[in-house]
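Structure assessment
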Amino acid sequence: MSVVFVLVFAAIIMAGAFLIAFIWSVKNGQYEDTYTPSVRMLFEDPEVKIEEETEKGKMETDKP
Amino acid sequence: MSEDLKCIHCGNSCGKSPVIFEGNPFCCSGCSTVYQILHASQLKQYYQIEPMAGIKIDEMQLPASETYSFLDLDQFKSKILNFSEGGISKVSFFIPEIHCASCIWLLENLHSLNKGIIQSFVNFPKKEINITFNENEISLRQLVDLLVSIHYIPEINQHSIDKKSADQSDKKLFIKIGIAAFSFMNAMIYHFPQYLPGHEFLEADMKKLFGWLSVLLAIPVLTYSASDYFLTAYKSLKKKMISIDLPIALGLITLFTQSLVEILSGKGIGYIDSLTGLVFFMLIGRWYQGKTYQALSFERDYKTYFPLAVTKITDSGNVTIPLEDLKSGDQILVRNQEIVPADSILKSATASIDYSFVTGESMPVTKKAGDFVFAGGRQIGNAIELTIEKEVQQSYLTQLWNQVENPLTAENKLNTIVNRVSQYFTVVIVLIAIGSGLFWYFNKPELALFAFTSVLIIACPCALALTVPFTFGSTMRQYGRKGFYLKNTAVIEHLYKVDTVVFDKTGTITNAQSTDIRFVGKELTSEQLLIIKSLAFHSSHPLSKTIFNSIEADEILEVKDFQEIPSLGISGLLNGIRINMGSRYFVTGEMSTEENLKTEVWIYFKDAVAGHFQLENEYRPGLRDLIRKLQKTHELHLLTGDNDAEKANLIQFFGNDKSLHFNQSPTDKLNYIRKLQQEGRKVLMIGDGLNDAGALNESNVGIVIADNVFNFSPACDAILQSKQFGQLDKFIQFTHRSMTIVKAGFLISFLYNVVGLSFAVQGNLTPIVAAILMPISSVSVVAFASFSIHLSAKGYRF
């Protein structure tokens, strides 16, 4: 049964790692705004692409 | 051109003469300007994400270009910037206009408009934008001007400076919940083997390990996650009061000591799973209850309304000085859309002051040189010069604010239903604990201590403490969905107790947006009406616009020799006929006989005075019904700063004139509320402007009516969207439903306590009984509270 001792400690270390990750994410401000990212990810062209395209004068090929 | 042509920027109707740019129709040149800015920077996607999402701002309402000149001064810059080093600065602004996905997209692509902007992030729920920019390429003032140019006007005031350090408590609560959850889950695993048949075969070493690990897990929960409960329990004990936190703290301590004793003596591994579970559930309740509307502010005082800086006129030119440095006798310059910061005397010939935030009256008031101008008005039109009479702190409005202290908070806290119940609860529990302890002491002494602690453990009023947060938290969410936003859940209980309702008139029961227009004089022909409409078309004064919109006509005549005399009126030549429109003084040469009566626009037609338009605010739809329903349950009063011209109309609504009070100054309103409270009444004040601020603060519940809830509103307990005004009685009624559910929740948790106590007094409370009973009682109370509120709200149809 001594393998259980190992497992118990492995489990608590893993859980502890998640706890630390959680605390870090809270302190990092990830829970301050839970809405905007859901909208942000739906924007199509990252603005970098638009800039490149305008430089090459290809704006017309973009969607109507 | 078809009638329903819509501006592609803001979606408003373009009317008869749209502004056309590149084949796209716009309702006004302001919208078209924004389009051109975005178009030039390849930001047209703004119009694709959400069509017609743009913000319409009349050119008249845009702040003057010098308004933000104070942002060039270091003393303000350093306060407003969050961070600045090596030319790179960070700043965050509150922008009430942020409302859709397009807004987010545009504001996060600001760098396409100006290369100096490095990065911008929008926090949509807070309506806030965080910008990182390079000060060598764009100054703070230019940045603000840029935002203004695309009609996202940031709010810059004392409030935006003070607010910055406020958000920490939420993070702390999250971490507390995280730690409690971590300990709870792990402790459950360690305790689980004990609850299975055959646990007696578990190795002693293993048992010891589980026990000690549980104790280790419990320590951070007890000392950090649950620290608030001990703190408040201690504080209330010091004040010789009993709050709900006292039995909780008592239960937690007993749970921990009992577990520690069992583990040390090797008897078992105790109740750590129940302990950590309790704390976890209670913290969840606290989080659920603590939800706030981030973009709304209920705490605004005059500081958030007044500007940070004013332009002082000195011999050596204009200088910008901080508001605090303003002294009486100073000469100041107030531009279009700026606010008069202190009581002063007008030096310029005329001024047109909009007091809508103060009184709720939407029509600007005309002032002449030498007139006294109260602080809080907004100048509309050309810049004016004023001589300061009283410093900001001594001004009428500010003083009103300062004389209100909030006497209710301390006393009311004690009086909440939860604390009333827990006072009895605690006493009864302690008596039962001592009683069963004594009983076993004389019969079976070894059980005495155990029975005593068992009672304290099982009676820990977790379910009791969860009932209110979840019932009121759900109620608040239901309200929020319907456009009624509460400052916190405690407001529900105060609203429940209210027995007197006091209304303000202008802007509260009348609608500032829609006006009732009547022409007094000989009836106008349709040709005359067309001429009036055409002339009004050329003026951007709010009165002209109202008149323009009220007259039906298909075309607009050409106007020759158009003149607009600020604060007086307009004049023009149409079809060869000279007409003048404006104040009585302007048109007839006579002074108005009575002050502050109805708003009038006089018309001079050809060679004689034709008569005048009378503008009155319309009463809000649903007012009659609302008053009729509220009258059955509450005593109603009306306080208004206006004279009694409307008395006859109001009697129709209120039935009698006993409780109608006219010519009430803000201080009168405040004192009236005080008087009612001294008579033992619980008062609900419904107002809208700064002149109600004192009364709103003093009353038991202060509700502000707002057309746009994100705009400025005085400090209050709740904000009601104006279109929901007619539903107010239902919102008040619903608090009764909530209270019934709270009481039912209490009953459920008492039943659990009876079951638990029956185990405890017999000395039979094993860890497994605690581990089953305590979470079940909590979860079922939470489920009951949330579901029944949800169901009742559905049946209620606000």
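Everything here concerns the structure above.
Residues numbered from 1 in each chain as written. Chains lettered and ligands numbered in written order. Predicted model: local features only at pLDDT ≥ 70, side-chain atom pairs only at ≥ 80, totals over all residues. Heavy atoms only, no water.

Scanning chain B from N- to C-terminus turns up 29 helices and 28 strands. Here chain B holds 798 residues, and 54% of them are scored as buried. Relative to all contacts within chain B whose residues are 6 or more apart in sequence, the contacts with residues 24 or more apart total 68%. For chain B, the accessible surface area stands at approximately 34,600 Å², while carbon and sulfur atoms represent 55% of it. Both charge centroids of chain B, one from 71 positive and one from 77 negative side chains, sit 7 Å from each other. (Helix = DSSP H or I, 4+ residues; strand = E, 2+ residues; numbered from the N terminus. Buried < 20%, exposed > 50% of the residue type's maximum accessible area, 1.4 Å probe, protein only. Contact = heavy atoms within 4.5 Å. Areas by Shrake-Rupley, 256 points an atom, 1.4 Å probe, with all protein chains shown as cover. Lys, Arg positive; Asp, Glu negative; His and termini not counted. Charge placed at Lys NZ, Arg CZ, Asp CG, Glu CD.)

Residue and element names in this part refer to chain B. Inspection of the entire model under this criterion finds 19 salt bridges over all chains. The residue Asp145 makes a salt bridge to Arg141 at a minimum N-O spacing of 4.0 Å. In this pair, Asp145 and Arg141 both sit in helix H5 (residues 140-149), 4 residues apart, roughly one turn of the helix. Taking the relative accessible area as the measure of exposure, Asp145 reaches 29% and is therefore partly exposed. The salt bridge partner of Lys669 is Asp692, with a shortest N-O separation of 2.7 Å. A residue pair is termed long-range when its members are at least 10 positions apart, and Lys669 in helix H26 (residues 666-678) and Asp692 in the loop between strand E26 (683-687) and helix H27 (693-698) qualify at 23 residues. (Salt bridge = Lys/Arg side-chain N within 4 Å of Asp/Glu carboxyl O.)

Where two aromatic rings form a pair, the distance of their centres and the angle of their planes describe that pair. Residues and elements named next belong to chain B. Counted under the stated rule, the structure contains 25 aromatic pairs over all chains. An angle of 75 degrees between the planes, with centres 5.2 Å apart, marks the rings of Tyr46 and Tyr47 as edge-to-face. The residues Tyr46 and Tyr47 share a single accessibility class, namely buried. Ring pairing ties together the aromatic residues Phe21, Phe26, Tyr35, Tyr46 and Tyr47, which thus form one cluster. Here the basic side chain of Lys90 rests over the ring of Phe83, its NZ or CZ set 5.7 Å away from the ring centre. Across the ring face of Tyr288, the terminal group of Arg477 is positioned such that the distance to the ring centre comes to 3.7 Å. (Phe/Tyr/Trp six-rings, centres within 6.5 Å; stacked < 30°, edge-to-face > 60°. Lys NZ or Arg CZ within 6 Å of the ring centre and 35° of its normal.)

Residues and elements named next belong to chain B. Sheet analysis places strand E7 (residues 309-314) next to strand E8 (residues 317-322), joined by 6 bridges and oriented antiparallel. Bridge pairing links Ile313 to Asn318 in E8. When E7 meets strand E9 (residues 331-334), the two strands line up antiparallel, connected through 2 bridges. Residue pairing for E9: Thr311 is matched across the bridge by Leu333. (Pairing = 2+ DSSP bridges.)

On to the packing of helix H8 (residues 204-225) of chain B against helix H11 (residues 272-289) of chain B, then. Packed helices, taken two at a time, are described by the angle between their axes plus the distance between the axes. All names here are of chain B. As a packed pair, H8 and H11 sit with axes 10 Å apart at the nearest point and diverge in direction by 30 degrees. Classified by the angle between their axes, H8 and H11 sit roughly parallel to one another. Note that H8 runs across H11; the crossing there is left-handed. Facing H8, whose interface residues are Ser214, Ala218, Val221, Leu222 and Ser225, H11 presents Ile272, Leu275, Thr276, Val279 and Leu283. Residues that form the contact of H8 with H11 fall into these classes: 7 nonpolar, 3 polar and no charged. (Axes fitted to C-alpha atoms, helices over the stretch in contact; angles between N-to-C directions. Parallel < 35°, antiparallel > 145°, perpendicular 65-115°, else oblique. Left-handed = near helix turned anticlockwise from the far one by under 90°. Nonpolar A, V, L, I, M, F, W, Y, C, P; charged D, E, K, R; others polar.)

With that out of the way, let us pick up the packing of H11 of chain B against helix H29 (residues 767-796) of chain B. All names here are of chain B. Taken N-terminus to C-terminus, the directions of H11 and H29 make an angle of 10 degrees; their axes are 9 Å apart at the nearest point. By the angle between their axes, H11 is roughly parallel relative to H29. Taking contact as the criterion, the partners of Asp273, Ser274, Leu278 and Phe281 in H11 are, on H29, Ala770, Ala771, Met774, Pro775, Ser778 and Val779. Residues that form the contact of H11 with H29 fall into these classes: 7 nonpolar, 2 polar and 1 charged.

Residue and element names in this part refer to chain B. Residues other than glycine seldom take positive phi values, yet Gln42 does so here, at roughly 55 degrees. Structurally, Gln42 can be placed in the loop between helix H1 (29-40) and helix H2 (46-49). On the basis of relative accessible area, Gln42 is assigned to the partly exposed category, the value being 35%. Phi at Lys127 is positive, roughly 55 degrees, even though this residue is not glycine.

Turning next to helix H10 (residues 245-264) of chain B. All names here are of chain B. In this model, H10 (20 residues) spans 28 Å end to end at C-alpha, consistent with the 28 Å of a helix rising 1.5 Å per residue. With 14 of its 20 residues buried, H10 lies for the most part within the structure. One or two residues past the end of H10 sits Gly266, with phi positive at roughly 75 degrees. (Expected span 1.5 Å × (residues − 1).)

All names here are of chain B. A full pass over the atoms with the stated rule returns 4 cavities of 30 Å³ or more. Taken as a whole, the largest cavity spans an internal volume of roughly 140 Å³. Ile458, Cys460, Tyr752, Asn753 and Ser777 are, among the 16 residues lining the largest cavity, the residues nearest its centre. Going through the elements one at a time, helix H18 (462-481), helix H28 (728-761) and H29 are the ones with two or more residues in the lining of the largest cavity. (1 Å grid on protein atoms, 1.4 Å probe; cavity = no way out; pocket = protein on both sides within 12 Å on 5 of 7 lines; lining within 4 Å. Points joined across faces, edges and corners; volume = space filled by probe spheres on them.)

Our next topic: the nonpolar core. Residues and elements named next belong to chain B. Core analysis: the biggest nonpolar cluster contains 137 residues, and Phe484, Phe503, Ile509, Phe654, Leu684 and Ile703 have the highest contact counts within it. The biggest single contributor to this core is helix H7 (residues 168-191), with 11 residues. Filtering out sequence-adjacent residues up to four positions away, Ile703 remains in contact with Phe484, Leu495, Leu684, Met685, Ile686, Gly687, Leu696, Ala718, Leu720 and Leu728. In this structure, Cys27, Cys31, Val148 and Ile156 belong to the second largest nonpolar core, which totals 55 residues. (Core = buried A, V, L, I, M, F, W, Y, C linked by side-chain atoms within 4.5 Å.)

Moving on, we get to the interface of chain A and chain B. Taken together, the contacts link 30 residues of chain A with 31 residues of chain B. Taken together, the two surfaces of chain A and chain B that pack against each other cover about 2,700 Å², and 72% of this comes from carbon and sulfur. When the area that chain A buries against chain B is broken down by residue, the three leading residues are Phe5, Glu32 and Phe43 of chain A, summing to 20%. The interface formed by chain A and chain B holds 2 salt bridges in total. The partner of Lys171 of chain B in a salt bridge is Glu32 of chain A, and the shortest N-O contact between them spans 3.3 Å. Ranked by the residues each element gives to the side of chain A that touches chain B, the list is headed by helix H1 (residues 2-27) of chain A, at 12 residues. In the side of chain A that touches chain B, the residues fall into 18 nonpolar, 4 polar and 8 charged. (Buried area = accessible area lost by both parts, 1.4 Å probe.)

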